[in-house]
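# Notes for the structure review
Residue strings, one per chain:
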Amino acid sequence: MSGAIVKRTPFFKILIANRGEIALRIMRSARRLGHGVVAVYSDADRDALHVREADQAVRIGEALPAQSYLKIDAIIAAAKASGAGAVHPGYGFLAENEDFAQACRDAGLVFIGPSPEAILAMGNKAGAKEIMREAGVPCVPGYQGADQSDAVMLAEATAIGFPVMIKAVAGGGGRGMRLVEDAAAFPDALRSARSEAQGAFGDPTVILERAIVNPRHIEIQVFGDRHGNAIHLGERDCSVQRRHQKLVEEAPSPAVTPELRARMGAVAVQAVKAIGYEGAGTLEFLLDRAGNFYFMEMNTRLQVEHPVTEAITGLDLVELQLRVASGAPLGLTQEDIKFSGHAIEVRLCSEDAAHDFMPQSGTMARWQMPDGIRVEHALQSGSEIPPFYDSMIAKVISHGTARDEARGKLICALEQATAFGVTTNQGFLIDCLRHPVFARGEATTAFVGDNRDALLAPRPDRGSDLALAALLLYVTNPHAPPWQRGRSLAATFPLGLRIDLGHGVQEIEIVRERDGSYIAARDGDRFSFVIDELSQDSIRFHHDGVMEHAQFLRDGDRLYILHRGVMLSVRDLTLAPPESATAAGGDGKVRAAMNGRVVAVLVKPGDKVAAGQPVMTLEAMKMEHVHTAGVAGTVSSIDVAEGEQVTTGKIVVEIEAAA
């Protein structure tokens, strides 16, 4: 493009075609540079923080992404109505959709990202691999042909050799991706990947790749401008993943040497220059144990994990995007890029790690993030987390002079974060950061799978957790004797409590002694507590000679506790009737495990099913979740239809148990 006349395209108001934390993140940099900001929202986000913080906001449709955030016409109309001159897509939704970029161009709007041609060339996984091959970049063996028939896909997978990866061509974030171990599992995995890809990106096309065993996931951040300049900003290590979605990202990678960084960076820059790429982009690679790297895909957008690159370079990547989109040169050469220290980011998600990372939705009753560390979020106490979008609700980012310092800061910050009301992966993230394999910098993409039992194991001091929970249930009960500092005139009679800490019902007795202390007894174990201070939301107490502090929230028979960095959710079942086997489907009724949309009914009335057999697939927060039969028998009723939105606990399939 050298020698070409480059037209500057100034803009003064930016519409952000996204939601949540990334919308707020873009607003922050845009306003600092003097731009007005416009939000868009679905019916589910009418009261969301990004809507209230914007200068203007425009409704674009109903709750489901296909009815709102994926509606190109509605977003273009919102930009026109608000007087915006530019559109920032954020990440996810339409960020890598060439039709959206083209629609912005046709409407006279500046698309803050690469050209439609570049998105088409590099955003499509199959096309990107062909470009990389022509440039001499090593790629993972696979199939990216136009024939997508079931028979051809199975034949190609067999030719590649199992295990294989199925990947949606049109997007990322782990959606539309499946690891398939053998030919027998391939048809169901292919159907599921296509369905998920269609729902998330509007395109069911997939490619196949040979699965590289236990690699590192390394990505290179690049930037280009319309003047022909291109640079890289180093690498990020995104190996700690679940469901092929990243949980922990860091820069620099513990596995990348300066020499390897230079080689990978040079390849990435060569690629973006070859297609005249403009804006922010990321080339993703698999790095094997021998130091060989293989190109996977290019993300033609800003990444979720861009803050770790900002932390070690001192650059504002959104500011660079806005500068490049206006037609200005980057103003940076490769020699200008300096790296300082180490940064780590974790994705705080509304999900239950102990139950296969099941997405969670509902009301965040109390939300308080730690001071002194970067947190990207769009929540406050009382915010609703809808079931229609991604489960990530916050990003917590630390920076230190060395990796251990950054890791320690991040652990301390997560221990102080308060998220009561909706289950999150807070404790799981802390355990990941503390695990010896991660601490040594040796985590690969197999880290979570290989260490799942250890990462999900109950804490060794679970007995004292139960005792503290019982104590708090007792002293916060409105009918209990009020707590008073000091000695009691008389000891109380033992009070039996039945509580559920998520691992089954536990029986605990609470007694207040004459000296004012409390004894919690369970299965012969006795735990003694002395309460020093008790308020509506916190307690300070002595236990085993050590003063400790915990935050809590009482909500009916539910109690939330943050103690030593672990959030506990406790139910008081003392007055509740005994629970039956219905929750596990033992009554033959399959119930929705979350709020979601029915995407596949896998059985029909009259079918014989075995216990554990898949019967229905629900989609929640952009991920599919298979529901199985709780008993063997005959399907007697299907109570929902494909496409129907269901709530948690709704009966979806009924099975008459075999005699």
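Quick look at the structure, then.

Quick notes on the rules
Residues numbered from 1 in each chain as written. Predicted model: local features only at pLDDT ≥ 70, side-chain atom pairs only at ≥ 80, totals over all residues. Heavy atoms only, no water. Helix = DSSP H or I, 4+ residues; strand = E, 2+ residues; numbered from the N terminus. Buried < 20%, exposed > 50% of the residue type's maximum accessible area, 1.4 Å probe, protein only. Contact = heavy atoms within 4.5 Å. 1 Å grid on protein atoms, 1.4 Å probe; cavity = no way out; pocket = protein on both sides within 12 Å on 5 of 7 lines; lining within 4 Å. Points joined across faces, edges and corners; volume = space filled by probe spheres on them. Nonpolar A, V, L, I, M, F, W, Y, C, P; charged D, E, K, R; others polar. Pairing = 2+ DSSP bridges. Polar contact = N/O pair within 3.5 Å; in protein donor to acceptor, adjacent residues only side chain to side chain. Arc of directions from axis to C-beta. Salt bridge = Lys/Arg side-chain N within 4 Å of Asp/Glu carboxyl O. Axes fitted to C-alpha atoms, helices over the stretch in contact; angles between N-to-C directions. Core = buried A, V, L, I, M, F, W, Y, C linked by side-chain atoms within 4.5 Å. Parallel < 35°, antiparallel > 145°, perpendicular 65-115°, else oblique. Left-handed = near helix turned anticlockwise from the far one by under 90°. Phe/Tyr/Trp six-rings, centres within 6.5 Å; stacked < 30°, edge-to-face > 60°.

Within the chain, the regular secondary structure consists of 17 helices and 39 strands. Over its C-alpha atoms, taken along the principal directions, the chain stretches across nearly 90 × 60 × 55 Å. Here the chain holds 659 residues, and 56% of them are scored as buried. For the chain, long-range pairs separated by at least 24 residues make up 61% of all intrachain contacts whose partners lie at least 6 apart in sequence.

Considering all chains together, one arrives at seven cavities of 30 Å³ or more under this definition. Size it by volume and the largest cavity reaches roughly 70 Å³. Forming the walls of the largest cavity are Arg 216, Asp 237, Ser 239, Val 240, Val 248, Glu 249, Glu 250, Arg 403, Phe 438, Gly 441, Glu 442 and Ala 443. For the lining of the largest cavity, the secondary structure elements donating two or more residues are strand S11 (230-242) and strand S12 (245-251). Residue classes in the lining of the largest cavity are distributed as four nonpolar, two polar and six charged. Lining the second largest cavity are Arg 242, Gln 245, Lys 246, Arg 347, Cys 349, Asp 390 and Met 392. When contributions to the lining of the second largest cavity are tallied by element, the ones reaching two or more residues are S12 and strand S15 (342-349). For the lining of the second largest cavity, a count of residues per class yields two nonpolar, one polar and four charged.

Let's shift gears to the pairing of strand S35 (residues 614-620). Judged by how many residues are buried, S35 sits mostly within the fold: six of seven residues are covered. The sheet contact formed by S35 and strand S36 (residues 623-628) spans six bridges and is antiparallel. Looking across to S36, one finds that Glu 619 is bridged to Glu 624.

With that out of the way, let us pick up the side chain of Gln 506. Mapping Gln 506 onto the fold places it in strand S25 (residues 505-512). Since its relative accessible area comes to 12%, Gln 506 is described here as buried. Side chain to side chain, Gln 506 and Arg 522 meet in a polar contact 3.0 Å long. Residues within four places of Gln 506 in sequence aside, it is in contact with Arg 462, Leu 466, Leu 497, Arg 498, Ile 499 and Arg 522.

Moving on to helix H5 (residues 116-123). Within H5 the residues assigned to the buried category are Pro 116, Ala 118, Ile 119, Met 122 and Gly 123. The buried residues of H5 occupy an angular sector of 160° when projected down its axis, which confines them to one face. The secondary structure elements touched by the buried residues of H5 are helix H4 (98-106), strand S5 (110-111), helix H6 (125-134) and strand S14 (293-299).

Further remarks concern the pairing of strand S9 (residues 206-210). When you tally the buried positions in S9, you get four out of five residues, the bulk of the element. Strand direction decides the pairing type here: strand S6 (residues 142-143) and S9, joined by two bridges, are antiparallel. The residue bridging Tyr 143 from the neighbouring strand is Leu 208, located in S9. Here strand S7 (residues 164-168) runs beside S9; their pairing, made up of five bridges, is antiparallel. The residue of S9 that forms the bridge with Ala 168 is Val 206.

Where charged atoms of side chains with opposite charge meet at close range, the side chains can pair. In this structure the tally under the stated criterion is 47 salt bridges. Glu 305 serves as the salt-bridge partner of Lys 246, at 2.8 Å between the closest nitrogen and oxygen. Placement of the pair is Lys 246 in strand S12 and Glu 305 in the loop between S14 and helix H10 (306-313), with a sequence separation of 59 residues. Taking relative accessible area as the criterion, Glu 305 reaches 1% and is therefore assigned buried. Salt bridges linked by common partners bring Arg 25, Arg 28, Arg 32, Glu 310, Asp 316, Glu 319, Arg 323, Arg 374 and Glu 376 together as one network.

This part is about the sheet that holds strand S8 (residues 177-180). Hydrogen bonds along the backbone pair up the strands of a sheet, which may run parallel or antiparallel. An order of S6-S9-S7-S8 is seen for the four strands of this open sheet, with the pairing classed as antiparallel. Looking along the sheet, the strands with just one partner apiece sit at the ends: S6 and S8. Here helix H7 (residues 150-160) sits on the sheet and contacts S6, S7 and S9; the angle it forms with S9, its principal contact strand, is near 15°.

Here four strands make up an open sheet; going across it, the order is S36-S35-S33-S38 and the pairing antiparallel. Looking at which strands have only one partner, the edges of the open sheet turn out to be S36 and strand S38 (645-646). Here helix H8 (residues 186-201) sits on the sheet in contact with strand S33 (596-601), S35 and S36, set at roughly 135° to S36.

This paragraph deals with the nonpolar core. Residues Trp 367, Leu 433 and Phe 447 are the most contacted members of the largest nonpolar core, which totals 38 residues. At the level of elements, S12, S15, strand S22 (392-400), helix H12 (403-416), helix H13 (426-434), helix H14 (436-439) and helix H15 (447-450) are the ones that each hand at least two residues to this core. The residues contacting Phe 447, other than those within four sequence positions of it, are Val 240, Cys 432, His 435, Val 437, Phe 438 and Leu 455. One finds Leu 49, Phe 223, Leu 322 and Cys 349 within the second-largest nonpolar core, a separate group that totals 35 residues.

Moving on to the environment of Val 346. Inspection of the secondary structure puts Val 346 in strand S15. Classification of Val 346 as buried rests on a relative accessible area of 0%. Separated by 252 residues in sequence, Val 346 and Leu 94 place their C-alpha atoms 24 Å apart. Leaving out residues up to four positions away in the same chain, Val 346 has contacts with Leu 247, Val 248, Ala 394, Lys 395, Val 396, Leu 410, Leu 414, Leu 429 and Leu 433.

Take helix H3 (residues 72-82) next. Looking only at H3, the buried set comprises Ile 72, Ala 74, Ile 75, Ile 76, Ala 78, Ala 79 and Ser 82. Looking at the buried side of H3, the elements it contacts are strand S1 (13-16), strand S2 (36-42), strand S3 (56-61), strand S4 (86-88) and H4. Downstream of H3 by a residue or two, Gly 83 has a phi angle that is positive, lying close to 80°.

Okay, the packing of H12 against H13 next. Closest axis-to-axis distance for the H12/H13 pair is 10 Å, and the angle between their directions is 160°. Relative to H13, H12 is oriented roughly antiparallel. The interaxial crossing formed by H12 with H13 has left-handed handedness. In this structure, H12 contributes Arg 407, Leu 410, Ile 411, Leu 414 and Glu 415 to the contact, and H13 contributes Gln 426, Leu 429, Ile 430, Leu 433 and Arg 434. When its residues are assigned to classes, the contact of H12 with H13 shows six nonpolar, one polar and three charged.

Turning our attention to the packing of aromatic side chains. Taken as a whole and assessed by the stated rule, the structure comprises 12 aromatic pairs. A ring pair is formed by Tyr 69 and Phe 93, whose centres lie 4.9 Å apart and whose planes are at 20°; its orientation type is stacked. With Tyr 69 in the loop between S3 and H3 and Phe 93 in the loop between S4 and H4, this pair connects stretches of sequence that are 24 residues apart. The same class applies to Tyr 69 and to Phe 93, which are both buried.

Right, let's talk about the packing of H3 against H4 for a bit. At a minimum axis distance of 10 Å, the contact between H3 and H4 shows a crossing angle of 30°. When the interaxial angle is binned, H3 and H4 end up roughly parallel. In this structure, the crossing between H3 and H4 has a hand that is right-handed. Where H3 abuts H4, its residues Ile 72, Ile 75 and Ile 76 lie against Asp 99, Phe 100, Ala 103 and Cys 104.

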